[in-house]
Amino acid sequence: MTELLDGIIINPAVRSGKPVVRGTRITVSDVVEYLAGGMTQDEVLADFPDLQADDICAVLAFAAPGKAVE
């Protein structure tokens, strides 16, 4: 799980310190909102080519600590 969370960073100089996917400016909340809004993982990945499936797992692990993410 720790390795997954390494994919999420918080840097005050990037997106006002919001948690983002490492190497991008895509916030955790952006990805969660897209998924909650009905987009599938494949749709999110198609819209954001910088993301990989592991990044979405990292977002979900960060957003819901203590929950199993596969």
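This write-up is about the structure you can find in this document.

Definitions and limits used
Residues numbered from 1 in each chain as written. Predicted model: local features only at pLDDT ≥ 70, side-chain atom pairs only at ≥ 80, totals over all residues. Heavy atoms only, no water. Helix = DSSP H or I, 4+ residues; strand = E, 2+ residues; numbered from the N terminus. Rg over C-alpha atoms; globule rule 2.2 N^0.38 Å. Contact = heavy atoms within 4.5 Å. Areas by Shrake-Rupley, 256 points an atom, 1.4 Å probe, with all protein chains shown as cover. Lys, Arg positive; Asp, Glu negative; His and termini not counted. Charge placed at Lys NZ, Arg CZ, Asp CG, Glu CD. Buried < 20%, exposed > 50% of the residue type's maximum accessible area, 1.4 Å probe, protein only. Arc of directions from axis to C-beta. Core = buried A, V, L, I, M, F, W, Y, C linked by side-chain atoms within 4.5 Å.

**Examining the overall build of the protein chain**
(1) Moving on: Each helix and strand counted, the protein chain has four helices and two strands in total.
(2) Moving on: Helices (α) and strands (β) of the protein chain occur, in sequence order from the N terminus, as α-β-β-α-α-α.
(3) Moving on: Rg of the C-alpha trace for the protein chain: 11 Å, near the compact-globule value of 11 Å for 70 residues, within the 12% margin.
(4) Moving on: For the protein chain, the spread of C-alpha atoms along the principal axes amounts to about 30 × 25 × 20 Å.
(5) Moving on: A separation threshold of at least 6 residues defines the contact pool for the protein chain, and within that pool the share at least 24 residues apart is 36%.
(6) Moving on: Accessible surface, the protein chain: about 4500 Å² in total, of which carbon and sulfur atoms supply 51%.
(7) Moving on: In the protein chain, the 5 positive side-chain charges and the 11 negative ones have mean positions that sit 11 Å from each other.

**What about helix H2 (residues 28–36)?**
(1) Moving on: What H2 keeps buried is the set Val 28, Asp 30 and Val 31. Buried residues of H2, viewed axially, fall in a sector of 165 degrees; they line one side. When the buried face of H2 is taken as reference, the exposed residues oriented beyond 90 degrees from it are Glu 33 and Ala 36.
(2) Moving on: Contact partners of the buried residues in H2: strand E1 (8–9), strand E2 (20–21) and helix H4 (53–63).
(3) Moving on: The positive-phi residue at the C-terminal boundary of H2 is Gly 38, with phi of around 110 degrees.

**Section: the nonpolar core**
(1) Moving on: Counting residues in hydrophobic clusters, the biggest one holds ten residues: Ile 8, Val 21, Ile 26, Val 28, Val 31, Val 44, Leu 51, Ile 56, Ala 58 and Val 59.
(2) Moving on: For this core, the secondary structure elements donating two or more residues are H2 and H4.
(3) Moving on: If you tally residues by element for this core, the top one is H4, at three residues.
(4) Moving on: Not counting the four nearest positions on each side in its chain, Ile 8 is found in contact with Pro 19, Val 20, Val 21, Val 28, Ala 58, Val 59 and Phe 62.

**Quick look at the environment of Asp 42**
(1) Moving on: Topologically, Asp 42 is positioned in helix H3 (residues 41–47).
(2) Moving on: Given a relative accessible area of 59%, Asp 42 falls into the exposed group.
(3) Moving on: Between the C-alpha atom of Asp 42 and that of Thr 27, which follows or precedes it by 15 residues, the distance is 18 Å.

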